[in-house]
Amino acid sequence: MSKIGKILAALVIILLVVIVGLGVLVHLYVTEDRVRALVIPPAEKALQRKVTLGTVKVSLFKGVTLHDLAIKEKDGTHDFVHIDDFVLRYSLLPLLKKKLVITRIEMLSPYIQIFRDASGHFNYETLGILQKKASKEKEEGGLPLPVTVKEIKVKKAHLVFKDALGNLPNADVLANVKLSLSLNKNPSSIQYSGSTDFVSNVIYGQVKSLLKGKVDFDKNRVGYNLNVEADKENILFSGEALDYLKAPKITLNIISDKLNLDRLLALKEKLPKTQGSIQNTSGAKGEPAVPPQLEAAGKIQVGEATYKGLQVKNVSLIYSLKKGVLSIQDLTAQVAQGTIKGSFKADLNNPQPIHQEELSLKDIAINPLLTALFLKGQGIITGTLQAHVTSEGKGFQWEVLHKNLTASGDYSLQNGQFLNFEPINVLATLLNLNEIKNLSFAEVKGDFRIAKGKILIKSSLKGDDVKAQSQGQVGLDGSLNLPVLLQLSPKLGEKLRSRVKFARYLETKEGWTTVPLKLTGTWSSPLPTLDTSLAKKVLKKSLKGEAFKGLGKILSGQKKKEEEGSKSQPPEEKNPLKKLLGR
């Protein structure tokens, strides 16, 4: 044997002697009884719960393995926490440098059950470590030596949460966790990083949902991907949170291929009715709705959304939240064969947020839009809509908003029809012109302002058989005060003149017949009346002297002159328009 071979053999023998010696030392010193004494009494004292331990295995290379470690409930019978296997592996050499290096901690199939009873108390509230008095909470001292844990693995963790009150969702979570940490003698110096993946079944009232996700984290950052499935709807949440322990800066992206908003909104009816145990305190005592130090940003993308039968495609927006101000930019969507673009800004520092909006609509087929949102069962309006609106308001609840809403905008509706539309039907019936019940037009356009609960509107309509101009008010409560100057084509004007007394005085030089009206009542139940002031201006061009004065009595609702030879005069019509039209 060569000299080098002898040296190597000697080293191997020495190493084996050391290993055997350490093994004997470990088995002599780190015995099962000593491990039990190190684990059970301190744990029971700290937790004020019964702690049980199955078998203990000690190995120089495999470390210490605890089987069937359990922390009992307060009754001492049922498990609060149960771990099938708890493995602790350590490195001996760093101890010579007064450092504790744990190479691996592994927990296999840990089980934790958290519940809240019918009286509102959680089962963890009686743990001893949570019962310390305030005077004892701040204890001096730290760890006797620096500690490094290279790897912590939790496999097949099972967490169960149950709420007897039903105000919180029940959850059944399966998870795997990887973690490493290090700290000096001062516990506040702790550094950690890790990751987890999990699957959770959640039941809240009658709503069942499935959550699948992955999270990676360290002391300064948390990154996440979470897929939520509820009632066949899937939503993906992804992003990160920076400086989450002090001043959170959150990135949250929300993405879904397809959403049925009607189905999602209907889930609210399946949720339990809370009994006041969970209270919303946002905005209480003048506090802001969101913490001012919170910052957030992200994007929302939905491939296709359905709301009241209306399909909205390629929804996209970018949002940010900073210093309590929420901003939405680059809002775009495709709806009803056209596009929507908009922006939104709201100051959430006020309990009644002040907000501004801007919205542009291009090439929108108005019928499906109105049918879904406003006019279901109230007739049909067709045409292609272009519009631009800016608005500003305070508060989001209607009883507050309608008093504090201002807006302005313009619109154009082209190549459309009013089909069985109530305001048009009322006019058609009054004029005895069924031909305008289904009214076609080349364009309806105008502009509007909203202020003090009223819409101040100015608009015009152009069609082959009918033209109209209007300028008046529509209340946000649906009330109408809208003068309308209706112009009928020579063909329709001739029909009106053949049926209606005095219609010949309403004819213009161009052969059109002008009927000055005013719509009052409500949007759903409009009441047309004669606009007497406008009618006088129109008719004054055709009538002179006593003829105009006589007609003025009719237009103003005064009595007509007595019929020649009549001994009594019938009551005057309350609606001067009906009197004018001889109906």
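Definitions and cut-offs
One numbering rule holds for all chains: residues counted from 1, following each sequence as written. Reporting in this predicted model follows two pLDDT cut-offs: at least 70 for local features of residues, and 80 or more for side-chain atom pairs to be given and counted; totals over whole chains, interfaces and linings ignore these cut-offs and use all residues. Side-chain numbers here rest on the full set of heavy atoms in the structure, without hydrogens or water. pLDDT: the predictor's confidence for each residue, scored from 0 to 100. Contacts are assigned to residue pairs that have any heavy atoms within 4.5 Å of one another. Nine residue types can take part in a nonpolar core, namely buried Ala, Val, Leu, Ile, Met, Phe, Trp, Tyr and Cys, and a core is a set of them joined through side-chain atoms within 4.5 Å. Note on exposure labels: buried denotes an accessible area under 20% of the residue type's maximum, exposed denotes more than 50%, and partly exposed covers the range between, all computed with a 1.4 Å probe on protein chains only. Here a strand is any run of E in DSSP of at least two residues, a helix any run of H or I of at least four, and the numbering for each starts at the N terminus. We count Lys and Arg on the positive side and Asp and Glu on the negative side, and we leave His and both chain ends out. Any carboxyl oxygen of Asp or Glu that lies within 4 Å of a side-chain nitrogen of Lys or Arg is treated as forming a salt bridge with it. Side-chain atoms alone can form a polar contact between residues adjacent in sequence; in general such a contact is a pair of N or O atoms within 3.5 Å, and within protein one must be able to donate a hydrogen while the other accepts it. By this rule the span expected of a helix is its residue count minus one, scaled by 1.5 Å. Here the arc refers to the set of directions running from the helix axis out to each C-beta atom. Pairing of aromatic side chains here covers Phe, Tyr and the six-membered ring of Trp, requires ring centres within 6.5 Å, and sorts the geometry by plane angle: under 30 degrees stacked, over 60 edge-to-face, intermediate tilted. Geometrically, a lysine NZ or arginine CZ counts as sitting over a ring once it is within 6 Å of the ring centre and also within 35 degrees of the ring normal.

1. Topic: the confidence of the model for the protein chain
Now for step 1: Across the protein chain, the average pLDDT comes to 81, with 77% of residues at 70 or higher.
Now for step 2: In this model, residues 10-25 is a region of pLDDT below 50 whose contacts with residues beyond four sequence positions or in other chains number six contacts.

2. Examining the nonpolar core
In a soluble, globular protein the nonpolar side chains are often hidden away together inside.
Now for step 1: I364, L385, F418, L461, V466 and L486 are the most contacted members of the largest nonpolar core, which has 56 residues in total.
Now for step 2: Not counting residues up to four positions away in its chain, the partners in contact with V466 are I436, L439, L461, L486, Q487, L488, L492 and W512.
Now for step 3: One finds L47, V58, I83 and A157 within the second-largest nonpolar core, a separate group that totals 17 residues.

3. Some thoughts on the side chain of D85
Now for step 1: Relative to the assigned elements, D85 resides in strand β4 (residues 79-91).
Now for step 2: The buried charged residue D85 lacks any salt bridge partner; its closest oppositely charged side chain belongs to K57, at an N-O distance of 7.7 Å.
Now for step 3: In terms of polar contacts, D85 uses its side chain to reach the side chain of H67, at 2.2 Å.
Now for step 4: Sequence-distant contacts of D85, defined by excluding residues within four places in its chain, comprise L66, H67, E106, M107 and L108.

4. A closer look at helix α2 (residues 32-47)
Now for step 1: End to end, α2 covers 22 Å across 16 residues, agreeing with the expected 22 Å (1.5 Å per residue, within 8%).
Now for step 2: Buried within α2 are the following residues: V35, I40 and L47. In an axial view of α2, the angular spread of the buried residues amounts to 95°, which keeps them on one side of the axis. The exposed set on the far side of α2, more than 90 degrees from its buried face, consists of D33, L38 and K45.
Now for step 3: On its buried face, α2 sits against β1 (51-52), β2 (56-59) and β3 (63-72).
Now for step 4: At the C-terminal side of α2, Q48 shows a positive phi close to 55°.

5. A short note on the packing of aromatic side chains
Now for step 1: One pass over the structure, following the stated rule, counts six aromatic pairs.
Now for step 2: When the ring of F418 is compared with that of F421, the centres are 5.4 Å apart and the planes differ by 20°; the resulting orientation is stacked. Side by side, F418 and F421 carry an identical accessibility label, which is buried.
Now for step 3: Between F418 and F441, the ring centres sit 5.2 Å apart and the planes meet at 40°, which makes this aromatic pair tilted. Remark: F441 occurs in strand β22 (residues 438-451) and F418 occurs in strand β21 (residues 406-419); sequence separation between them is 23 residues.
Now for step 4: Cation over ring: R49 sits above F80, and NZ or CZ is 5.4 Å from the ring centre.

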